[in-house]
Amino acid sequence: KQDKSVKRGNWGNQIEFVLTSVGYAVGLGNVWRFPYLCYRNGGGAFMFPYFIMLVFCGIPLFFMELSFGQFASQGCLGVWRVSPMFKGVGYGMMVVSTFIGIYYNVVICIAFYYFFVSMTHVLPWTYCSNVWNTPDCVGVLDGNLSSRAALNLTRFLNTTQKRTSPSEEYWRRYVLNLSDDIGNLGEVRLPLLGCLGVSWVVVFLCLIKGVKSSGKVVYFTATFPYVVLTILFVRGITLEGALTGIMYYLTPQWDKILDAKVWGDAASQIFYSLGCAWGGLITMASYNKFHNNCYRDSIIISITNCGTSVYAGFVIFSILGFMANHLGVDISKVADHGPGLAFVAYPEALTLLPISPLWSILFFFMLILLGLGTQFCLLETLVTAIVDEVGNEWIIRRKTFVTLGVAVVGFLLGVPLTTQAGIYWLLLMDNYAASFSLVVISCIMCVAIMYIYGYRNYFKDIEMMLGFPPPLFFQICWRFISPAIIFFILVFTVIQYRPISYNDYVYPTWAISIGFLMALSSVICIPIYAIYKVCRSEGDTLLERLKNATKASKDWGPALAEHRSGRYA
């Protein structure tokens, strides 16, 4: 008996799968979103709702997706033989992965750009003496900042809020050459376009042999960021003022615990951070051996992901604390999140350190690796879905060409994001394409598996695969608690909704409409496919057709004949 799938291929060993999944779950959000959320939502008190959401929603959903993919050994489309009417969920996952894959690589390409320009004696965003700077620019290092000058600077900061930092001007006026409006695309920024090409080539080369090649690459890409984080951590906590920053990050404000927004943020952060409903988890697990213990894996990966977020907070806030101390301002003036943290606040803080180019190179190298780990899985999700869907020998042999095709299309679709209005589009995609559509997809997936396919059937399947049924806690979470929390996130997202803005720029209505269309495009797959499937099913009455459309198809079950025992025999 072989436990291997010769046709589709498997992971070389279990470590490859765990490392790939860690690389997938740990992404840029762990560095640039979590520390900021934690600091905004009551410091240490935020950890409490965060870990509760991890236990009741994060780990159960993670385990569900891994076991689902591993049982059927199929990508995010093929698994829906379990209930063919819901295959639209798989298409929705593909659409979401496409949107994320397009803009995620643009963020990686900006990190590549900063990585390359850091290879100098003096970082280009250190002083205000460059062509692109404005009279409002006040560098931290311009002239010798004696204590008197520092006092003047503090006064200057308090009187006019117009001070811009050299790193911000470098980012806005040089790297992006930002236009005034989302509709005003301007020209393509060639350095960014070049870096986008580089990042797509890297992703393609790592996936050239599918999971066989990417499984080797993750030994480096999933582990090295921890080395860099540790180096930056040691450098950070030895700085003056680092403690203030870390206290800001960790001091609990217990009154915030009663605030619904804090719980909503915690739930959303867990949900988006683990990559549920992107289709990537199902895809990665589908290359596992049938009897692999994915229960153990899901707990290891989820906890590693959250631990990384907390650890990254120390790295970010120790250096921000040092900078706030150096400038003599409150830390809330220098704290930021999203691209603003990675490309403005943190690089500026790095200019204050001796041998600053070294720390800058390390920091951006870490961002590149964190991004690539996620990008591998996004691309592999799309390729696997296409190859499994066509499913004949011919396309399986030509999987490399499918990968190349997807990469080229992804590169071309990313080109508009390297124009002068690119960052507006990037944030629009980030805020709309991958926010509440993921929540809807996940909710429907939970309901389809637990109530349409039937939880008893599913628990039996897991017992057949792992040798034990899912623990009682997971059974209760899957059936009641997780769907309820997901529904809560959805309601929370709708209530909390504010139209998107970038710094002072408010998006026009037409742009926000495009955002909503992107969000709808993935969800709309679900009803459209369901209607199509019901129409194509046999039966005289609507009820019979519905029954036939939701009934598991004949080829649902373990992929290999030797595992098809019991009711699959």
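This one's a predicted model, so the numbers in the text were calculated from it and none came from an experiment. (Residues numbered from 1 in each chain as written. Predicted model: local features only at pLDDT ≥ 70, side-chain atom pairs only at ≥ 80, totals over all residues. Heavy atoms only, no water.)

### Topic: the overall build of the chain
Here's step 1: Across its full length, the chain holds 25 helices and 2 strands.
Here's step 2: Since a compact globule built from 569 residues should have a radius of gyration of about 25 Å, the 24 Å found for the chain is in line with a globular shape.
Here's step 3: Referenced to the eigenvectors of the C-alpha coordinate spread, the extents of the chain come out at roughly 85 × 50 × 45 Å.
Here's step 4: Buried residues in the chain amount to 59% of all 569 residues.
Here's step 5: In the chain, the share of contacts with a sequence separation of at least 24, taken over all contacts with a separation of at least 6, comes to 83%.
Here's step 6: As presented, the chain carries roughly 22800 Å² of accessible surface, and 66% of it is formed by carbon and sulfur atoms.
Here's step 7: Here the chain carries 39 positive and 31 negative side-chain charges, and the mean point of each set is 7 Å from the other. (Helix = DSSP H or I, 4+ residues; strand = E, 2+ residues; numbered from the N terminus. Rg over C-alpha atoms; globule rule 2.2 N^0.38 Å. Buried < 20%, exposed > 50% of the residue type's maximum accessible area, 1.4 Å probe, protein only. Contact = heavy atoms within 4.5 Å. Areas by Shrake-Rupley, 256 points an atom, 1.4 Å probe, with all protein chains shown as cover. Lys, Arg positive; Asp, Glu negative; His and termini not counted. Charge placed at Lys NZ, Arg CZ, Asp CG, Glu CD.)

### Quick notes on the side chain of Thr126
Here's step 1: Along the polypeptide, Thr126 turns up in the loop between helix H5 (87-117) and helix H6 (147-159).
Here's step 2: Only 2.6 Å separates the side chain of Thr126 from the backbone oxygen of Leu123, close enough to count as a polar contact.
Here's step 3: Residues in contact with Thr126, not counting those within four places in the same chain, are Leu141, Pro166 and Thr351. (Polar contact = N/O pair within 3.5 Å; in protein donor to acceptor, adjacent residues only side chain to side chain.)

### A short note on the UniProt feature "binding site: Na(+)" (unreviewed entry) in the chain
Here's step 1: Per the UniProt record, the feature "binding site: Na(+)" (unreviewed entry) sits at Gly23, Ala25, Val26, Asn30, Ser273, Asn305 and Leu370. These annotated residues cover 348 residues of sequence, and their C-alpha atoms all fall within 12.4 Å of one another, placing them together at a single site.
Here's step 2: Given the relative accessible area of 10%, Ser273 is considered buried.
Here's step 3: Ignoring sequence-local partners within four residues, the contact set of Ser273 consists of Ala25, Asn30 and Asn305.
Here's step 4: With respect to the helices and strands, Asn305 occurs in helix H14 (residues 294-327).
Here's step 5: Every residue in contact with Asn305, bar those within four places of it in the chain, is listed here: Ala25, Val26, Asn30, Ser273 and Leu274. (UniProt positions renumbered as here; feature names shortened; annotations may be inferred.)

### What to know about the state of the cysteines
Here's step 1: Scanning the model with the defined rule gives 1 disulfide in all.
Here's step 2: Across the disulfide, Cys128 is cross-linked to Cys137 (sulfur-sulfur distance 1.9 Å). Disulfide Cys128-Cys137: torsion about the S-S bond near -65°, hence left-handed.
Here's step 3: With a relative accessible area of 9%, Cys137 lands in the buried category.
Here's step 4: In this model Cys276 remains outside any disulfide bridge; the closest cysteine sulfur is found in Cys57, 6.9 Å from its own.
Here's step 5: Not engaged in a disulfide, the cysteine Cys306 finds its nearest cysteine sulfur in Cys276; these two sulfurs lie 10 Å apart.
Here's step 6: A relative accessible area of 1% means that Cys306 is categorised as buried. (Disulfide = S-S within 2.5 Å.)

### Observations regarding the pattern of salt bridges
Here's step 1: Taken as a whole and judged by the stated rule, the model has 8 salt bridges.
Here's step 2: Here Asp388 ties to Arg8 by a salt bridge, and the two come within 2.9 Å at their closest N and O atoms. Placement of the pair is Asp388 in helix H17 (residues 356-390) and Arg8 in the segment before helix H1 (14-25), with a sequence separation of 380 residues.
Here's step 3: Residue classification places Asp388 among the buried residues on the basis of a relative accessible area of 16%.
Here's step 4: Salt-bridge contacts for Arg296 lead to Asp297; the nearest nitrogen and oxygen are separated by 3.3 Å. (Salt bridge = Lys/Arg side-chain N within 4 Å of Asp/Glu carboxyl O.)

### Side note on the packing of aromatic side chains
Here's step 1: Evaluation of the coordinates by the stated rule reveals 67 aromatic pairs.
Here's step 2: On the numbers, 4.5 Å between centres and 35° between planes, the contact of Tyr424 with Tyr505 is tilted. With Tyr424 in helix H20 (residues 422-433) and Tyr505 in strand E2 (residues 505-506), the pair connects residues that are 81 residues apart, well separated along the chain.
Here's step 3: The ring of Tyr287 is capped by Arg8, whose NZ or CZ atom sits 4.5 Å from the centre of that ring.
Here's step 4: Taking NZ or CZ as reference, Arg479 lies 3.6 Å from the ring centre of Tyr455, over its face. (Phe/Tyr/Trp six-rings, centres within 6.5 Å; stacked < 30°, edge-to-face > 60°. Lys NZ or Arg CZ within 6 Å of the ring centre and 35° of its normal.)

### Structural notes on the nonpolar core
Nonpolar side chains in soluble globular proteins tend to end up buried together.
Here's step 1: Among the nonpolar cores identified, the biggest contains 192 residues, and Tyr114, Phe343 and Tyr507 are the most heavily contacted of them.
Here's step 2: When near neighbours in sequence (up to four residues on either side) are disregarded, Tyr507 contacts Ile182, Ile423, Tyr424, Leu427, Leu428, Ile500, Ser501, Tyr502 and Ile512. (Core = buried A, V, L, I, M, F, W, Y, C linked by side-chain atoms within 4.5 Å.)

### Examining unusual backbone geometry
Here's step 1: Located in the positive-phi region is Ala277, a residue other than glycine, with phi close to 70°.
Here's step 2: Tracing the chain through its elements places Ala277 in the loop between helix H12 (260-274) and helix H13 (280-286).
Here's step 3: The phi dihedral of Asn503 falls on the positive side, at around 50°, and the residue is not glycine.
Here's step 4: Counting through the fold element by element, Asn503 comes out in the loop between strand E1 (501-502) and E2.
Here's step 5: According to the relative accessible area criterion, Asn503 is partly exposed, its value standing at 46%.

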